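Examination of the molecular architecture
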Amino acid sequence: ITAFVSVELERQEGKEVDRFVRDVSRFEEVVTGSLMTGAQDFLLEVVVASLEEFESFLQTKLLRLEGIRAVRSRFALRRFVDRARIP
């Protein structure tokens, strides 16, 4: 299961952003992470084997991090473009 998880921090100051990046980089379920513009601060691509595993990831890892204001998750139904090389 692939989920795209938008994360909004309470504060977007340098040390809070750096702490979030450091902490999330340790989670093996997160395969990509991007700092974003707009309403969301980060977009995480999370890959797990089941919905139960995703729930566990949220409850025991992501939502335990300090400084998170909001988390929104969307699930991919199928991938139709998957380029290994960027033009």
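Below, the structure is looked at part by part. (Residues numbered from 1 in each chain as written. Predicted model: local features only at pLDDT ≥ 70, side-chain atom pairs only at ≥ 80, totals over all residues. Heavy atoms only, no water.)

A short note on the pairing of strand β1 (residues 2-9)
Of all 8 residues in β1, 7 are buried, a share of seventy percent or more. Summarising the sheet, β1 and strand β3 (residues 42-47) pair through 6 bridges and their orientation is antiparallel. Of the residues in β3, the one forming a bridge with F4 is E45. As paired strands, β1 and strand β4 (residues 68-75) are joined by 7 bridges and run antiparallel to one another. (Buried < 20%, exposed > 50% of the residue type's maximum accessible area, 1.4 Å probe, protein only. Helix = DSSP H or I, 4+ residues; strand = E, 2+ residues; numbered from the N terminus. Pairing = 2+ DSSP bridges.)

Some remarks on helix α2 (residues 51-60)
Along α2, the positions that sit buried rather than exposed are F54, F57 and L58. Looking down the long axis of α2, one finds its buried residues gathered within 95 degrees of arc, a one-sided arrangement. α2 presents E52 and E55 as exposed residues on the side facing more than 90 degrees away from its buried surface. (Arc of directions from axis to C-beta.)

Some remarks on the sheet that holds strand β2 (residues 30-35)
Strand order in this open sheet of 4 strands is β2-β3-β1-β4, and the pairing throughout is antiparallel. Either end of the sheet is taken by a strand with one partner, and the two such strands are β2 and β4. Sheet twist, expressed as the mean angle between neighbouring strand axes with direction ignored, is 20 degrees. Along the sheet, helix α1 (residues 14-25) contacts β1, β2, β3 and β4; its crossing angle with β3, the most-contacted strand, is approximately 10 degrees. Of the strands in this sheet, β1, β2, β3 and β4 touch α2, which is tilted by about 170 degrees from β4. (Axes fitted to C-alpha atoms, helices over the stretch in contact; angles between N-to-C directions. Contact = heavy atoms within 4.5 Å.)

Brief notes about the pairing of β3
Of the strand pairs in this sheet, β2 and β3 are connected by 5 bridges, and their pairing is antiparallel. The residue bridging S34 from the neighbouring strand is L43, located in β3.

A closer look at the side chain of S6
If you trace the backbone, S6 turns up in strand β1. Exposure remark for S6: the relative accessible area of 4% places this residue in the buried category. Within polar-contact distance, the side chain of S6 engages the side chain of Q40 at 2.5 Å. If we skip the residues at most four places from it in the chain, S6 touches Q40, F42, L43, A70, V71, R72 and R74. (Polar contact = N/O pair within 3.5 Å; in protein donor to acceptor, adjacent residues only side chain to side chain.)

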